[in-house]
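# Residue-level structure breakdown
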Protein chains: 2
Amino acid sequence: MKDFTFYNPTRIEFGQGKENNIGQYVAEYGVSKVLIVYGSERIKKSGLFDRVVASLQEKGISYEELGGVVSNPVLSKVHEGIQLAKEKQVDGILAVGGGSVLDSVKAIAAGAKYDGDVWDFFVFKAFVQEALPLFSIITLAATGSEMNNGGVVMNEATKEKFALMAPSLFPKVSVISPELQSTVTREYLVYSAADIFAHCLDLYFSASYIPTFIKGHIENILRTVIRTTEILLEEPDNYEARGEFAWAATQALNGSTFTGVEGNSYDTHIVEHAMSALFNIAHGAGLSIVLPAWMKWHKQQNVAQYERFAKEVFGVEGADAGIQALEDWFKKIGTPVKLEEGNIPRNAIADLAENAHGLATNWGVGEKYTTQVITEILELA
Amino acid sequence: MKDFTFYNPTRIEFGQGKENNIGQYVAEYGVSKVLIVYGSERIKKSGLFDRVVASLQEKGISYEELGGVVSNPVLSKVHEGIQLAKEKQVDGILAVGGGSVLDSVKAIAAGAKYDGDVWDFFVFKAFVQEALPLFSIITLAATGSEMNNGGVVMNEATKEKFALMAPSLFPKVSVISPELQSTVTREYLVYSAADIFAHCLDLYFSASYIPTFIKGHIENILRTVIRTTEILLEEPDNYEARGEFAWAATQALNGSTFTGVEGNSYDTHIVEHAMSALFNIAHGAGLSIVLPAWMKWHKQQNVAQYERFAKEVFGVEGADAGIQALEDWFKKIGTPVKLEEGNIPRNAIADLAENAHGLATNWGVGEKYTTQVITEILELA
């Protein structure tokens with residue numbers, strides 16, 4: 001076990017209908033006016049928005065709203081949110097949506113308390129000192145953003161998809177209501193599964209040291225994702241499977257998998273963020289393309305771990321068989337594994353490699369992930 | 001998944017020498033004078049106490065001290081601590097020791113802010129409204145008390161070993177320094193292993209519903225305990241094993257194993273607390289006696305789960321074989337499995353059953369755990 005600090009004060013309110021208590025949760029933190037941030041108008045059509053507003057109003061909490069957050073959330077929308085938060089003097093922010101909404105909300109919460117450009121935080125020109133308290137009702141399980149203090153946003157001008165992280169950016173309360181997630185499309189379910197796999201496997205394979213206890217923790221998450229995804233593809237309304245899938249997704253990126261680990265990096269995410277930035281592919285779809293390719297490129301660096309993965313997660317023997325089993329499983333559930341399947345032309349590899357190398361440099365692994373290395377990986381996809 | 005709230009704001013500082021930063025951790029919470037609570041004088045002889053004091057003084061934090069907390073911590077010592085905390089006007093409490101010190105500190109932290117008798121909290125005559133901020137340096141992994149908000153204390157007058165729990169009783173910061181734990185005796189290592197097993201298995205078997213994801217989480221904890229205990233019996237200074245053992249112990253009672261679970265109770269703890277109260281047996285030793293007996297009595301109520309346990313934890317087939325494997329493992333590591341081995345005379349069963357039934361009633365399962373049922377269980381031990 002390597003030294004670590006574990007701190008995660010987010011309160012999770014998990015269960016059926018808990019979104020109807022959001023007014024109470026927000027009120028407990030002394031917030032009187034929130035900015036509700038969401039994606040498409042779907043939450044209005046479904047009645048969720050009205051239920052949220054009713055719950056807030058019951059506790060005397062007023063609100064402003066900002067819709068239109070897109071997958072692969074963009075900086076311009078974050079700027080819009082910051083301006084609105086400042087103008088309307090809200091004292092809290094509520095995300096209602098998936099990972100992209102939550103990520104945007106984290107940037108808005110930090111930017112609303114900062115005089116400079118919020119992008120400064122993403123490029124380490126400044127560090128988040130304070131933020132508005134933030135809350136979430138998560139409608140898509142995948143990113144773990146509901147229980148961590150990080151967020152990823154794309155700067156459209158520079159085509160950089162970068163991250164910010166700060167102690168003040170843990171949501172105060174996040175609602176996980178499995179029923180709300182049961183309307184997620186088949187497509188986004190399998191992309192989410194790929195995203196969770198990538199969160200786990202980036203760490204599992206890249207770490208120079210990982211405690212056996214944590215290997216077991218990650219394998220349990222992955223087995224849960226496999227089992228529940230298969231159930232949900234057959235029965236989208238299976239509440240138990242939806243709930244376990246959601247909670248496994250949260251655990252995959254709430255810090256618990258990082259405890260005692262050393263030398264890990266976000267290898268597949270580095271490559272995928274370039275794909276999202278240049279081609280606006282769904283994050284999970286990009287990851288399911290990158291992951292098997294990266295594993296093929298990487299396996300020689302950590303063969304024993306690949307053998308363990310094969311056995312513990314897919315019940316097969318040997319590093320190659322494990323990678324093949326994952327690729328086969330991605331095909332089976334219907335998420336892409338080749339660039340072409342994601343509509344990414346092979347002649348874009350050079351641009352992708354350059355963009356990804358920029359992020360690798362920003363994240364301190366630019367020497368490992370040169371454009372040449374990233375090119376090699378992408379050519380395997 | 002059943003509805004749940006998960007909230008655990010304790011910050012864990014895990015690693016070698018982190019106890020030497022305790023002054024900094026305490027100062028971050030604005031505390032200027034702490035009551036240091038500990039057990040035996042061993043922490044003075046080892047130099048730990050001096051290092052703690054030096055770290056506090058470096059940050060300008062003054063201190064009072066209270067030693068002499070015993071295993072199966074007693075109410076009279078808690079009263080002493082509360083009086084001292086009030087008289088000396090400390091604004092924080094620091095536990096340096098194992099679970100019994102931490103449990104005492106929680107009661108002191110609550111009692112120091114209460115005008116009545118702290119025992120009121122244990123018998124639900126009153127509820128903890130506020131508490132002094134508390135910190136810990138844990139020198140024995142077992143109870144998980146370093147990352148939860150509960151504590152168990154024995155009332156010597158009534159021979160009741162009861163618990164208190166409150167949102168304000170999470171430690172602000174707990175230091176887990178594996179090296180500090182390497183001097184734990186062989187005896188207390190194996191008692192700790194039994195304690196962790198009981199924390200996990202009370203839940204695992206008694207729950208009327210438990211998500212498969214959580215079953216896997218618990219099994220991973222138990223496999224880790226088996227593996228690391230065996231290493232530590234051979235090599236007490238094995239840092240990796242000590243660290244994994246400690247972190248698994250924390251996870252076993254930090255709330256993570258309870259998420260989405262329904263209908264669980266602390267069955268073996270109910271019986272064991274009576275044994276500790278009447279015979280002052282080490283808690284873990286009492287648990288290793290009760291656990292296999294309780295499992296034999298209980299297995300018919302949940303056969304499938306016992307079969308799963310056998311396979312996933314010990315790699316054997318069948319409910320009975322799993323129970324036998326656990327009993328054999330307890331014998332192998334050298335923790336008692338029969339009343340006689342714990343120096344508890346068989347003619348005490350009636351008194352034990354009566355005492356345990358009292359706690360069962362206090363914890364809301366008095367109808368299930370009648371004196372007759374508890375007698376049956378103890379007769380199997």
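If you're wondering where the values come from, they're calculated on a predicted model, not measured in any experiment.

Here we take up the overall build of chain A. The secondary structure content of chain A amounts to 15 helices and nine strands. For a compact globule of 381 residues, the expected C-alpha radius of gyration is about 21 Å, and chain A comes in at 20 Å, within 12% of that figure. Counting only C-alpha atoms, chain A reaches 60 × 45 × 45 Å along its principal axes. Buried positions account for 65% of the 381 residues belonging to chain A. Within chain A, contacts between residues at least 6 apart in sequence are counted, and of these 77% link residues at least 24 apart.

Turning next to the relation of the copies chain A and chain B. If you rotate chain A by 180 degrees and push it 0.0 Å along the axis, it lands on chain B with an RMSD of 0.0 Å. What the superposition gives is, in effect, a two-fold axis relating one chain to the other. Proximity to the rotation axis, assessed at the C-alpha, singles out A:Pro9 in chain A; its C-alpha lies 2.1 Å from the axis. A shared interface surface links the copies, since 100% of the contact residues of chain A are contact residues in chain B too.

What follows covers the domain arrangement of chain A. All names here are of chain A. According to the domain assignment, chain A consists of domain 1 (11-180) and domain 2 (186-380). In this assembly, 26 residues from domain 1 lie in contact with 28 residues from domain 2. Contact between domain 1 and domain 2 buries roughly 2,100 Å² in total, counting both sides, with carbon and sulfur atoms accounting for 61%. Taken together, domain 1 and domain 2 are joined by one salt bridge.

Looking now at helix α9 (residues 239-251) of chain B. The terminal C-alpha atoms of α9(B) lie 18 Å apart, and with 13 residues this matches the ideal 18 Å at 1.5 Å per residue to within 8%. Of the positions making up α9(B), those classed as buried are B:Tyr239, B:Ala241, B:Arg242, B:Gly243, B:Glu244, B:Phe245, B:Ala246, B:Trp247, B:Ala248, B:Ala249, B:Thr250 and B:Gln251. Taken together, the buried residues of α9(B) touch β1 (4-6) and α8 (212-234) of chain A together with β2 (11-14), β9 (173-176), α7 (186-206) and α8 (212-234) of chain B. The N-capping residue of α9(B), defined by a side-chain oxygen 3.2 Å from the backbone nitrogen of B:Glu240, is B:Asn238.

The next thing to look at is the sheet that holds β2(B). Taken in spatial order, the seven strands of this open sheet run β1(A)-β2(B)-β9(B)-β6(B)-β5(B)-β3(B)-β4(B), and their pairing is mixed. Looking along the sheet, the strands with just one partner apiece sit at the ends: β1 of chain A together with β4 (62-66) of chain B. Neighbour to neighbour, the strand axes of the sheet diverge by 15 degrees on average, direction disregarded. Where β2(B) and β9(B) come together, four bridges link them in parallel fashion. Bridging across to β9(B), B:Ile12 finds its partner in B:Ser174. Against the sheet, helix α4 (residues 75-87) of chain B contacts β3 (33-38) and β4 of chain B, and its axis sits at roughly 155 degrees relative to β4(B).

What follows covers the side chain of A:Gln181. Residues and elements named next belong to chain A. Along the chain, Gln 181 falls in the loop between β9 (173-176) and α7 (186-206). Side-chain polar atoms of Gln 181 contact the backbone oxygen of Ile 138, separated by 3.3 Å. Other than its neighbours up to four places away in sequence, Gln 181 contacts Ile 138, Thr 139, Leu 140, Ala 141, Ile 176, Arg 242 and Ala 246.

Further remarks concern empty space enclosed by the protein. Following the criterion strictly, the structure yields four cavities of 30 Å³ or more and no others. Reported here for the largest cavity is a volume of approximately 190 Å³. If you go around the largest cavity, you meet 19 residues; those closest to its centre are A:Gln251, A:Asn254, B:Phe6, B:Gln251 and B:Ser256. Taken together, the elements giving at least two residues each to the lining of the largest cavity come down to α9 (239-251) of chain A together with α8 and α9 of chain B. Examining the composition of the lining of the largest cavity, we find that three residues originate from one element, α8(B), more than from any other. Of the residues contributing to the lining of the largest cavity, the split by class is eight nonpolar, 11 polar and no charged. What lines the second largest cavity is A:Phe213, A:Ile214, A:His217, A:Ser256, A:Thr259, B:His217, B:Trp247 and B:Gln251. Those elements giving two or more residues to the lining of the second largest cavity turn out to be α8 of chain A together with α9 of chain B. In terms of residue class, the lining of the second largest cavity is built from three nonpolar, five polar and no charged.

This part is about the interface of chain A and chain B. Across the contact, 38 residues belong to chain A and 38 residues belong to chain B. Taking both partners together, chain A and chain B bury about 3,100 Å²; carbon and sulfur atoms supply 56% of that area. A per-residue breakdown of the area chain A buries against chain B is headed by A:Met1, A:Phe213 and A:Trp247, which together make up 24% of the total. Across the contact surface, chain A and chain B share zero salt bridges. Where chain A touches chain B, the interface holds 22 residue pairs in polar contact (both at pLDDT 80 or more). Every element with two or more residues in the side of chain A that touches chain B is listed here: β1, β2 (11-14), α8 and α9 of chain A. With 10 residues, the single largest contributor to the side of chain A that touches chain B is α8(A).

Residue and element names in this part refer to chain B. Notably, Asn 280 is not glycine yet its phi reads approximately 50 degrees, a positive angle. Among the secondary structure elements, Asn 280 is positioned in the loop between α10 (267-279) and α11 (283-298). Since its relative accessible area comes to 55%, Asn 280 is described here as exposed. Positive phi values are uncommon outside glycine, yet Asn 343 reaches one of about 55 degrees.

On to the sheet that holds strand β5 (residues 92-97) of chain A, then. Pairing is mixed in the open sheet, where seven strands are placed in the order β4(A)-β3(A)-β5(A)-β6(A)-β9(A)-β2(A)-β1(B). Here the strands that pair on one side only, and so sit at the sheet edges, are β4 (62-66) of chain A together with β1 (4-6) of chain B. Neighbour to neighbour, the strand axes of the sheet diverge by 15 degrees on average, direction disregarded. Here β2(A) runs beside β1(B); their pairing, made up of three bridges, is antiparallel. For A:Glu13, the partnering residue across the bridge sits in β1(B) and is B:Thr5.

Residue and element names in this part refer to chain B. Under the defined criterion, the tally for this structure stands at 49 aromatic pairs over all chains. A ring pair is formed by Phe 14 and Trp 247, whose centres lie 6.3 Å apart and whose planes are at 70 degrees; its orientation type is edge-to-face. Here Phe 14 is found in strand β2, whereas its partner Trp 247 is found in helix α9, with 233 residues between them in sequence. Comparing Phe 14 with Trp 247, the two get one shared label, buried. When the centroid spacing of 5.4 Å and the interplanar angle of 70 degrees are considered together, the rings of Phe 205 and Phe 309 count as edge-to-face. Of this pair, Phe 205 sits in helix α7 while Phe 309 sits in helix α12 (residues 303-314), and the two are 104 residues apart along the sequence. Judged by its relative accessible area of 1%, Phe 205 is buried. Assessed through its relative accessible area of 0%, Phe 309 is described here as buried.

Rules behind the numbers
Residues numbered from 1 in each chain as written. Chains lettered and ligands numbered in written order. Predicted model: local features only at pLDDT ≥ 70, side-chain atom pairs only at ≥ 80, totals over all residues. Heavy atoms only, no water. Helix = DSSP H or I, 4+ residues; strand = E, 2+ residues; numbered from the N terminus. Rg over C-alpha atoms; globule rule 2.2 N^0.38 Å. Buried < 20%, exposed > 50% of the residue type's maximum accessible area, 1.4 Å probe, protein only. Contact = heavy atoms within 4.5 Å. Least-squares fit on C-alpha atoms with pLDDT ≥ 70 in both. Domains from an automatic or database assignment. Buried area = accessible area lost by both parts, 1.4 Å probe. Salt bridge = Lys/Arg side-chain N within 4 Å of Asp/Glu carboxyl O. Expected span 1.5 Å × (residues − 1). Polar contact = N/O pair within 3.5 Å; in protein donor to acceptor, adjacent residues only side chain to side chain. Pairing = 2+ DSSP bridges. Axes fitted to C-alpha atoms, helices over the stretch in contact; angles between N-to-C directions. 1 Å grid on protein atoms, 1.4 Å probe; cavity = no way out; pocket = protein on both sides within 12 Å on 5 of 7 lines; lining within 4 Å. Points joined across faces, edges and corners; volume = space filled by probe spheres on them. Nonpolar A, V, L, I, M, F, W, Y, C, P; charged D, E, K, R; others polar. Phe/Tyr/Trp six-rings, centres within 6.5 Å; stacked < 30°, edge-to-face > 60°.

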